[in-house]
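Fold and contact review
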Amino acid sequence: CTYSPHAYRGFAREFLKTLERSSPITILDLIRGGERCVNVQSTTKMPTQGTCERCGYISSQRLCKACVLLDDLHGRREGRGVIAYEKEA
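**Brief notes about the overall build of the protein**
A count of helical and extended segments in the protein gives four helices and two strands. Residue burial in the protein is summarised as follows: out of 89 residues, 10% are buried. For the protein, restricting intrachain contacts to residue pairs at least 6 apart in sequence, the fraction spanning at least 24 positions comes to 0%. Split by element, the accessible area of the protein, about 8200 Å² in all, is 58% carbon and sulfur.

**Focus on the pattern of salt bridges**
Any two side chains of opposite charge can pair, given that their charged atoms come close. This model, assessed by the stated rule, comprises four salt bridges. Note that E53 and R62 form a salt bridge whose closest N and O atoms lie 3.0 Å from each other. Given a relative accessible area of 52%, R62 falls into the exposed group. Of the charged contacts, one joins R54 and D71 as a salt bridge, the two residues approaching to 2.9 Å between their closest N and O atoms. On the criterion of sequence distance, the pair formed by R54 in the loop between β1 (50-51) and β2 (58-59) and D71 in helix α3 (residues 65-74) is long-range, its members being 17 residues apart.

**A look at the packing of helix α1 (residues 8-22) against helix α2 (residues 26-37)**
For the pair α1 and α2, the least separation of the axes is 8 Å and the interaxial angle reads 115 degrees. On the side of α1, the interface is formed by L16, L19 and E20, while α2 contributes T26, I27 and L30. Residues of the contact of α1 with α2, tallied by class, amount to four nonpolar, one polar and one charged.

**What to know about the state of the cysteines**
Disulfides are covalent bonds that link the sulfur atoms of two cysteine residues. All told, the structure shown has zero disulfides when counted by the stated rule. Lacking any disulfide linkage, C64 is separated from the closest cysteine sulfur, that of C55, by 3.7 Å. Cysteine C67 is unpaired, with the sulfur of C64 as its nearest cysteine sulfur at 3.7 Å. In this structure C67 comes out as buried when scored by relative accessible area, which is 7%.

**A look at a nonpolar patch on the surface**
Together, I25, L28 and I31 line one region of the surface with nonpolar side chains, adding up to about 260 Å² of accessible area. Structurally, I25 is set in the loop between α1 and α2. Given a relative accessible area of 41%, I25 falls into the partly exposed group.

**Points about the nonpolar core**
Within soluble globular proteins, side chains that are nonpolar tend to cluster in buried spots. C52, L63, C64, C67 and V68 together form the largest nonpolar core, which totals five residues. The residues contacting C64, other than those within four sequence positions of it, are C52, C55, I58 and S59.

**Let's talk about the confidence of the model for the protein**
Mean pLDDT over the protein stands at 78; residues scoring 70 or higher make up 72%. Within the protein, the element-level pLDDT minimum falls on helix α4 (residues 82-88), averaging 50, and the maximum on β1, averaging 92.

Procedures and definitions
Residues numbered from 1 in each chain as written. Predicted model: local features only at pLDDT ≥ 70, side-chain atom pairs only at ≥ 80, totals over all residues. Heavy atoms only, no water. Helix = DSSP H or I, 4+ residues; strand = E, 2+ residues; numbered from the N terminus. Buried < 20%, exposed > 50% of the residue type's maximum accessible area, 1.4 Å probe, protein only. Contact = heavy atoms within 4.5 Å. Areas by Shrake-Rupley, 256 points an atom, 1.4 Å probe, with all protein chains shown as cover. Salt bridge = Lys/Arg side-chain N within 4 Å of Asp/Glu carboxyl O. Axes fitted to C-alpha atoms, helices over the stretch in contact; angles between N-to-C directions. Nonpolar A, V, L, I, M, F, W, Y, C, P; charged D, E, K, R; others polar. Disulfide = S-S within 2.5 Å. Patch = residues over 30% accessible without salt bridge, like charges linked within 9 Å, V, L, I, M, F, W, Y side chains within 5 Å. Core = buried A, V, L, I, M, F, W, Y, C linked by side-chain atoms within 4.5 Å. pLDDT = per-residue confidence, 0-100.

Here is the structure:
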């Protein structure tokens, strides 16, 4: 992300690329190791895929994250957002 140049994700990505140069199967080994560590039970409920009520995009919630963000920016939720801030000033 250009807004957080010192984000840890960039260092981790570069480290993985370095490992992959020395051994191309590194990524698959990491995935397999993670799968062995995680014990997913059969009772674990996975979210159901639906669509956003407003825009129709894929979402597991009533509204997708993009519509929630737009609501927050326009101040349509709980008196927050850019419009609510401008009214207070």
